[in-house]
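An overview of the molecular structure
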Amino acid sequence: MRLLGHVELNCTLTCETGLHIGDEGALEIGGVDGPVVKEPTEGYPYVPGSSLKGKMRSLLEWHEGKVDSEGDTHECGDADAVSCPICRVFGTPADIDANTGPTRLSVRDAFPTEETKIRWEEEFDTVLPYTEIKTENSINRITAAANVRSNERVPKDSEFDCEFVYGVYDLDDGGQPDLDNLALIEQGLSLLEDSWLGGSGSRGYGSVTFDDLRYTARTADDYRSRGTASDETRDRDEMTLDEIRELFEDV
Ligand SMILES: [Zn+2]
């Protein structure tokens, strides 16, 4: 089994509504009940790759009819995983001896664009910089007691740079080839646009869109020439999916 190369997909995530990806373990100033996850050095909110990947996987499992009648998360047994595109792309638990090869998809943490950082600094310079506070009032339906909770949210129109890295292998095991399964990334993003990211989606939080999709690719030969190639040849041009398919057919 050999690595043929990597395909990279970059795109921009835009928050169409306030986004709450909670960091329940955080010690927060400002007395907010539900803080959002922030990167530790500069304190900006970000979108963890694990949140994006987990939500995409879950939506694809529902879409492909892989969720069982108990609604448990999907997990292939040893024998089934090879023929299951979702387990090949998103990975299997370490205790399953599935022979699917390495997890193909890696989702990087998505950090705010420079424009978004500037806007946050100008518009949200409050107790909690960069974010807004939304107070949610829920009524206990039995006792009628009101419960007020304050949620920190990434403001509407914030933008984040997303990066998906996908490994292409020549594994001939009877499963679907990696280049065919590459389509799962965009399918997952489309499903996510019609769902939500993070918490309180049923209350309108977490509507996101993905724009400006750009594919690039690097073959195993490109890695071999690293350190000898000039800087110009190291820059990668944007490619269509058809061009990527042709490129890997030649490898
Ligand atoms: Zn599976």
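Per an unreviewed UniProt entry, the protein goes by CRISPR system Cms endoribonuclease Csm3 and derives from Halocatena salina. What the UniProt record of the protein gives under Sequence similarities (unreviewed entry) is the line "Belongs to the CRISPR-associated Csm3 family."

**A closer look at the overall build of the protein**
In terms of regular secondary structure, the protein is built from 8 helices and 7 strands. Across the 251 residues in the protein, those meeting the buried criterion constitute 42%. Considering only intrachain contacts with a sequence separation of at least 6, the fraction spanning at least 24 residues in the protein is 71%. For the protein, the computed accessible surface area is about 13500 Å², with 45% contributed by carbon and sulfur atoms.

**Some points on the packing of helix 1 (residues 49-63) against helix 5 (residues 183-193)**
Two numbers describe how helix 1 lies on helix 5: the axes approach to 9 Å, and their chain directions differ by 90 degrees. Taken together, the axis directions place helix 1 and helix 5 in an arrangement best described as roughly perpendicular. Across the interface between the two elements, L52, K55, M56, L59, L60 and H63 of helix 1 pack against L184, I185, Q187, G188, L189, L191 and L192 of helix 5. Per-class residue counts for the contact of helix 1 with helix 5 are 9 nonpolar, 3 polar and 1 charged.

**A closer look at the pattern of salt bridges**
Counted by the stated rule, this structure contains 14 salt bridges. Salt-bridge contacts for E42 lead to K117; the nearest nitrogen and oxygen are separated by 3.7 Å. Of this pair, E42 sits in the loop between strand 1 (3-15) and helix 1 while K117 sits in helix 3 (residues 114-123); the two residues are 75 residues apart in sequence, bridging distant segments of the chain. Given a relative accessible area of 46%, E42 falls into the partly exposed group. By relative accessible area, K117 is classed as buried at 13%. Note that R245 and D180 form a salt bridge whose closest N and O atoms lie 3.3 Å from each other.

**Observations concerning the pairing of strand 4 (residues 132-139)**
Side-chain positions along a regular strand alternate between the two faces of the sheet. Taken together, the 8 bridges between strand 4 and strand 5 (residues 146-153) define a ladder with antiparallel strand orientation. Bridged to K134 within strand 5 is N151. In this structure, the hairpin formed by strand 4 and strand 5 is closed by a connection of 6 residues, where A144 is found at a positive phi of approximately 65 degrees.

**Examining the environment of E243**
Its place among the elements puts E243 in helix 8 (residues 241-250). With 26 residues separating them in the primary sequence, E243 and A217 have C-alpha atoms 9.6 Å apart.

**Some details on the packing of aromatic side chains**
As enumerated under the stated definition, the model contains 5 aromatic pairs in all. Arranged with centres 6.1 Å apart and planes meeting at 35 degrees, the rings of Y44 and W120 form a pair that is tilted. Taken together, the residues Y44 in the loop between strand 1 and helix 1 and W120 in helix 3 connect sequence positions 76 residues apart. Taking relative accessible area as the criterion, W120 reaches 0% and is therefore assigned buried. Aromatic pair Y44 and Y130: ring centres 4.5 Å apart, planes at 35 degrees, arrangement tilted. Remark: Y130 occurs in the loop between helix 3 and strand 4 and Y44 occurs in the loop between strand 1 and helix 1; sequence separation between them is 86 residues.

**Topic: the environment of G204**
The residue G204 is located in the loop between helix 5 and strand 7 (208-219) in this model. Along the sequence, G204 and T17 sit 187 residues apart, while their C-alpha atoms lie 7.1 Å from each other.

**Digging into the side chain of D178**
Considering the arrangement of structural elements, one finds D178 in helix 4 (residues 178-181). Of the polar contacts made by the side chain of D178, one reaches the backbone nitrogen of Y169; its length is 2.8 Å. With sequence-adjacent residues up to four places away left out, D178 is seen in contact with R88, R104, Y166, G167, V168 and Y169.

Definitions and limits used
- Residues numbered from 1 in each chain as written.
- Predicted model: local features only at pLDDT ≥ 70, side-chain atom pairs only at ≥ 80, totals over all residues.
- Heavy atoms only, no water.
- UniProt positions renumbered as here; feature names shortened; annotations may be inferred.
- Helix = DSSP H or I, 4+ residues; strand = E, 2+ residues; numbered from the N terminus.
- Buried < 20%, exposed > 50% of the residue type's maximum accessible area, 1.4 Å probe, protein only.
- Contact = heavy atoms within 4.5 Å.
- Areas by Shrake-Rupley, 256 points an atom, 1.4 Å probe, with all protein chains shown as cover.
- Axes fitted to C-alpha atoms, helices over the stretch in contact; angles between N-to-C directions.
- Parallel < 35°, antiparallel > 145°, perpendicular 65-115°, else oblique.
- Nonpolar A, V, L, I, M, F, W, Y, C, P; charged D, E, K, R; others polar.
- Salt bridge = Lys/Arg side-chain N within 4 Å of Asp/Glu carboxyl O.
- Pairing = 2+ DSSP bridges.
- Phe/Tyr/Trp six-rings, centres within 6.5 Å; stacked < 30°, edge-to-face > 60°.
- Polar contact = N/O pair within 3.5 Å; in protein donor to acceptor, adjacent residues only side chain to side chain.

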